[in-house]
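# An overview of the molecular structure
The chain contents come next:
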Amino acid sequence: MASKTQITTGRVRFSFVNIFEPKENQGGQLKYSLTLLIPKTDTKTLGKIKTAIEEAKKLYKEKNPGKKLPTNLATTIHDGDGERPSGEDFGPECRGHYVITVNSNNKPVIVDASKAPITEPSEVYSGCYGRAIINFFVYDTAGNKGVTAGLNGVMKLGEGEPLAGGHVTDADWDDDWDDPEAEALGGLLD
């Protein structure tokens, strides 16, 4: 049975997908990561998140008797209609969603809707839809305390409009293209 701090989301949109190879984060650590855009209308997932956060706090207090947690404990879930922690506005794709970035030291399980493994990185991209298994916990490092979530698994449910840089397919290269330099060279390249 899963921990009370672990949840499986409903249908969310993926952004900043970094789940096939670890990348260095701001702290210099290699991490797998994924940003989830959770619709504000998904009250079931949001309720599970709230319960898991409360369980994470309870577990922290049980393991650390005498240590107190701030009343307004920082979390990694943010309102996509507001500002990023850096003070910048979230992008338009975040409107109407809660935004949470989850990380892992270990590669997450990555499957399709039938639970078959996905090994091709281009299959899971920024903008596609899926579900995620995440585990909430309290961090307490160098006097900073908050609640964050680790990434355990990813399930792709369907295609979506690519976010940011887009998605390139082989067909995109089939568009007619005239190269003035090649024409100027004439038969020199033959």
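Everything in this summary refers to the structure shown in the same document. Source: prediction; values computed, not measured.

## A closer look at the overall build of the protein chain
Scanning the protein chain from terminus to terminus reveals two helices and nine strands. Reading the helices (α) and strands (β) of the protein chain from amino to carboxyl end gives β-β-β-α-β-β-β-β-β-β-α. Within the protein chain, the proportion of its 190 residues that are buried is 35%. Sequence separation of 24 or more characterises 68% of the internal contacts of the protein chain that already satisfy a separation of 6 or more. Accessible area for the protein chain stands at about 12100 Å²; split by element, carbon and sulfur atoms hold 50% of it.

## Some words on the pattern of salt bridges
One pass over the structure, following the stated rule, counts six salt bridges. Of the charged contacts in the structure, one is a salt bridge between Lys40 and Asp79, with a shortest N-O distance of 2.7 Å. Of the two residues, Lys40 sits in the loop between strand 3 (30-39) and helix 1 (43-63) while Asp79 sits in strand 5 (residues 77-79), which places them 39 residues apart along the sequence. Of the charged contacts in the structure, one is a salt bridge between Asp81 and Lys40, with a shortest N-O distance of 2.5 Å. One end of the pair, Asp81, is in the loop between strand 5 and strand 6 (97-104); the other, Lys40, is in the loop between strand 3 and helix 1, and 41 residues separate them in sequence. Accessibility expressed as a relative area gives 46% for Asp81, which makes it partly exposed.

## Digging into the pairing of strand 9 (residues 144-158)
Across the 15 residues that make up strand 9, a large majority, 11, are buried. Here strand 8 (residues 129-141) runs beside strand 9; their pairing, made up of 13 bridges, is antiparallel. Bridge assignment links Phe136 to a residue of strand 9, and that residue is Ala149.

## Side note on the packing of aromatic side chains
Tallied over the full model, the rule gives zero aromatic pairs. Seen from the ring of Tyr129, Arg11 lies directly overhead, with NZ or CZ sitting 3.9 Å from the centre. Lying across the ring of Tyr98, Lys40 places its NZ or CZ 5.3 Å from the centre.

## What about the nonpolar core?
The biggest cluster of nonpolar side chains holds 31 residues, and the ones touching the most others in it are Leu36, Val124, Ile134 and Phe136. Counting residues per element, this core draws most heavily on helix 1, which supplies six residues. Residues in contact with Ile134, not counting those within four places in the same chain, are Thr5, Gln6, Ile7, Thr9, Leu36, Val102, Ala149, Gly150, Leu151 and Asn152. Core analysis: the second largest hydrophobic core is formed by five residues, Leu37, Phe90, Cys94 and Leu163 among them.

## Side note on the side chain of Ser15
Tracing the chain through its elements places Ser15 in strand 2 (residues 12-24). Judged by relative accessible area, Ser15 falls into the buried class, the value being 5%. For Ser15, the contacting residues outside a window of four places in its chain are Leu34, Thr35, Ser126 and Leu163.

## A word on the environment of Thr76
Relative to the elements of secondary structure, Thr76 occurs in the loop between strand 4 (74-75) and strand 5. Sequence-wise, Thr76 and Ile100 are 24 residues apart; in three dimensions their C-alpha atoms are separated by 5.7 Å. Each residue touching Thr76, except ones within four places of it in the same chain, is listed here: Val99, Ile100, Thr101, Val147, Thr148 and Ala149.

## Things to note about the side chain of Thr5
Looking at where Thr5 falls in the secondary structure, it is placed in the segment before strand 1 (6-8). Only 2.8 Å separates the side chain of Thr5 from the side chain of Ser3, close enough to count as a polar contact. Other than its neighbours up to four places away in sequence, Thr5 contacts Ala52, Glu55, Ala56, Ile134, Asn135 and Phe136.

Parameters and conventions
- Residues numbered from 1 in each chain as written.
- Predicted model: local features only at pLDDT ≥ 70, side-chain atom pairs only at ≥ 80, totals over all residues.
- Heavy atoms only, no water.
- Helix = DSSP H or I, 4+ residues; strand = E, 2+ residues; numbered from the N terminus.
- Buried < 20%, exposed > 50% of the residue type's maximum accessible area, 1.4 Å probe, protein only.
- Contact = heavy atoms within 4.5 Å.
- Areas by Shrake-Rupley, 256 points an atom, 1.4 Å probe, with all protein chains shown as cover.
- Salt bridge = Lys/Arg side-chain N within 4 Å of Asp/Glu carboxyl O.
- Pairing = 2+ DSSP bridges.
- Phe/Tyr/Trp six-rings, centres within 6.5 Å; stacked < 30°, edge-to-face > 60°.
- Lys NZ or Arg CZ within 6 Å of the ring centre and 35° of its normal.
- Core = buried A, V, L, I, M, F, W, Y, C linked by side-chain atoms within 4.5 Å.
- Polar contact = N/O pair within 3.5 Å; in protein donor to acceptor, adjacent residues only side chain to side chain.

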